[in-house]
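# An overview of the molecular structure
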Amino acid sequence: MPSPIDVDDLLAEILLRLAPLPSSLPRASLVCARWRRIVTDPDFLRRFRAHHWKPLGVFLTSSQSGRRDFSFSFVSDPGDSIRHERFSVPPVRAGAGDDDYTWVFLGCRHGRVLLINRIRDGYGYGRRMLVWNPVAAEHHLLHVPHFLDLGRHCSSVQGAVICASSHNHKGPFKVALVWNADNRAHACVYSSETGDWGDVVSTRVRRESGFIVIGFWNVLLGNSLYWLLFGIGRQLHMVEFDLGSQNLAVIQVPLPPDVYANHRGLYLTTLANGGGLSLIVMSANLEAQLWERTPDCDGAATARWMLRRTIELDKLLSLRPGFPECRRILGVEGDHNVMFVSTYRGAFMVHLESMQFEKIFETNPFSDGGTIHPFTTLYAPGTC
């Protein structure tokens, strides 16, 4: 009978349980070519991240009195090596004369936080971005060139930060910026290895009327980032940006418009088979319809979206009928398929793959509207 270590599937299960330290997978890859093949396989890396996934804490963002504020709260034991003070934005001067400037939260991924602001400089109004690693207590200030065209004709701008290696949160990183202006969607990537922005890529966006808005939430699937795109008639669309080929595309999501006509939130996730792209459509009664993008016969993955299941969150969380005003979705992190739900019983974190949930706040953390964004890091407590 072969030893478990001689069977690839069993060896993968063993390696899956390595401690989530920055050196664990690189060291395992040095054992032999077979181990290297397993620990560098994209499906194994996805499972490794999911197996060890637990947010260190959450960022809470809200808009009050015209200001967009954010704060941080631990939801896991950080150990003695990480103090709450590390999650206060470092005192960075955004530009000349900007002593008190508000950073706007754009998201976090792979242990880094992405912030943006708008300052006045010699050209009028410019942008600055901050890539911030709170655990490592380091940050990088990025100057956004004026040729990126983030001026008054830009109706929305979103961004994402990605580590070059998802199992090393202190290595090189990239920042992807997407925005729309003059009926075109644009994208550009900053690389910490070159210290510079790449070329701007653009694609035409056809709209019938009104404003086109790029949704805040994004998912990273393979080497591509996806955002929902609103404002192109009644049909839903999304932006796809391939970080490798630098290809930018606007893709139609061919769902019947009545599916999301009265939705209470649309969120991209990776709940499809094998971690593929999917869409959650929320209703007022906390029902989540899960639509999955499926390939057609020639392998293209843009042809059909199929309704796979409906998640009844009110039953999962054992909520009594009524209290509709106390039931809100506070965010969905699509890379790891985690939803944050506010109810009259408190705020919950729901793992949509396992359907497990845990209460993270006894009451709604917001007096008004707000969103929750999980901050994750592969550094185990006490090793930072």
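Residues numbered from 1 in each chain as written. Predicted model: local features only at pLDDT ≥ 70, side-chain atom pairs only at ≥ 80, totals over all residues. Heavy atoms only, no water.

As named in an unreviewed UniProt entry, the chain is F-box domain-containing protein, taken from Urochloa decumbens.

## Re the overall build of the chain
Along the backbone of the chain there are five helices and 24 strands. Sorting the 384 residues of the chain into buried and exposed places 49% on the buried side. Of the contacts made within the chain by residues no fewer than 6 positions apart, 47% connect residues no fewer than 24 positions apart. In the structure as shown, the chain presents an accessible area of about 18600 Å², 49% of it carried by carbon and sulfur atoms. (Helix = DSSP H or I, 4+ residues; strand = E, 2+ residues; numbered from the N terminus. Buried < 20%, exposed > 50% of the residue type's maximum accessible area, 1.4 Å probe, protein only. Contact = heavy atoms within 4.5 Å. Areas by Shrake-Rupley, 256 points an atom, 1.4 Å probe, with all protein chains shown as cover.)

## Observations regarding the sheet that holds strand β22 (residues 346-351)
Strand pairing in a sheet relies on backbone hydrogen bonds. The paired strands run either parallel or antiparallel. Ordered by their spatial adjacency, four strands build an open sheet running β20-β21-β22-β23, and the pairing between neighbours is antiparallel. Where the open sheet ends on each side, the last strands, each with one partner, are β20 (328-333) and β23 (356-361). Here the strands of the sheet are splayed against their neighbours by 25° on average, with no regard to which way each runs. The pairing of β20 with strand β21 (residues 338-343) spans five bridges and is classified as antiparallel. Bridge assignment links Val332 to a residue of β21, and that residue is Met339. (Pairing = 2+ DSSP bridges. Axes fitted to C-alpha atoms, helices over the stretch in contact; angles between N-to-C directions.)

## Describing the nonpolar core
Ranked by size, the top nonpolar core spans 19 residues in total, and within it Ile162, Ala176, Leu225, Trp227, Phe241, Leu243 and Leu248 carry the most contacts. Looking at this core, the elements that each hand over two or more residues are β7 (154-163), β8 (173-181), β9 (184-191), β12 (213-221), β13 (224-230) and β14 (236-242). If we skip the residues at most four places from it in the chain, Leu243 touches Ile162, Ala176, Val189, Leu220, Asn223 and Leu225. (Core = buried A, V, L, I, M, F, W, Y, C linked by side-chain atoms within 4.5 Å.)

## Concerning the pairing of strand β17 (residues 276-282)
Across the seven residues that make up β17, a large majority, seven, are buried. Linking strand β16 (residues 266-272) back to β17 in an antiparallel pair, the connection comprises three residues, with Gly274 at a positive phi of about 75°. Bridging between β17 and strand β18 (residues 287-294) involves five bridges; their strand directions are antiparallel. Considered in β18, the bridge of Leu279 is made with Trp291. What sits between the antiparallel neighbours β17 and β18 is a turn of four residues, in which Leu286 has the positive phi angle 65°.

## A few points about the sheet that holds β16
Taken together, four strands build an open sheet; the order of strands is β16-β17-β18-β19 and the sheet is antiparallel. The open sheet has two edge strands with one neighbour each: β16 and β19 (304-312). Across this sheet, the average inter-strand angle for adjacent strands is 30°, counted without regard to direction.

## Description of the UniProt feature "domain: F-box" (unreviewed entry) in the chain
UniProt's entry tags residues 8-46 with the feature "domain: F-box" (unreviewed entry), counted in the numbering of this structure. End C-alpha atoms of residues 8-46 are separated by 17 Å, and the span's content is 67% helix alongside 0% strand. (UniProt positions renumbered as here; feature names shortened; annotations may be inferred.)

## Describing helix α4 (residues 42-52)
Taken together, the buried positions of α4 are Phe44, Leu45 and Phe48. On an axial view of α4, the arc spanned by its buried residues comes to 100°, and they lie on one face. Each element contacted by the buried residues of α4 is listed here: α1 (8-15), α2 (24-29) and α3 (33-39). (Arc of directions from axis to C-beta.)

## Quick look at α1
Those residues of α1 not exposed but buried are Leu11, Ala12 and Leu15. An end-on view of α1 places all buried positions within 105° of arc, on one side of the element. Structurally, α1 contributes buried residues whose contacts are with α3 and α4.

## Thoughts on the pattern of salt bridges
Scanning the model with the defined rule gives eight salt bridges in all. We note a salt bridge from Arg17 to Glu13, for which the minimum N-O separation is 3.2 Å. The salt bridge involving Lys315 is made with Glu312; its shortest N-O contact spans 3.4 Å. Judged by relative accessible area, which is 58%, Lys315 ranks as exposed. The exposure class assigned to Glu312 is partly exposed, which follows from its relative accessible area of 31%. (Salt bridge = Lys/Arg side-chain N within 4 Å of Asp/Glu carboxyl O.)

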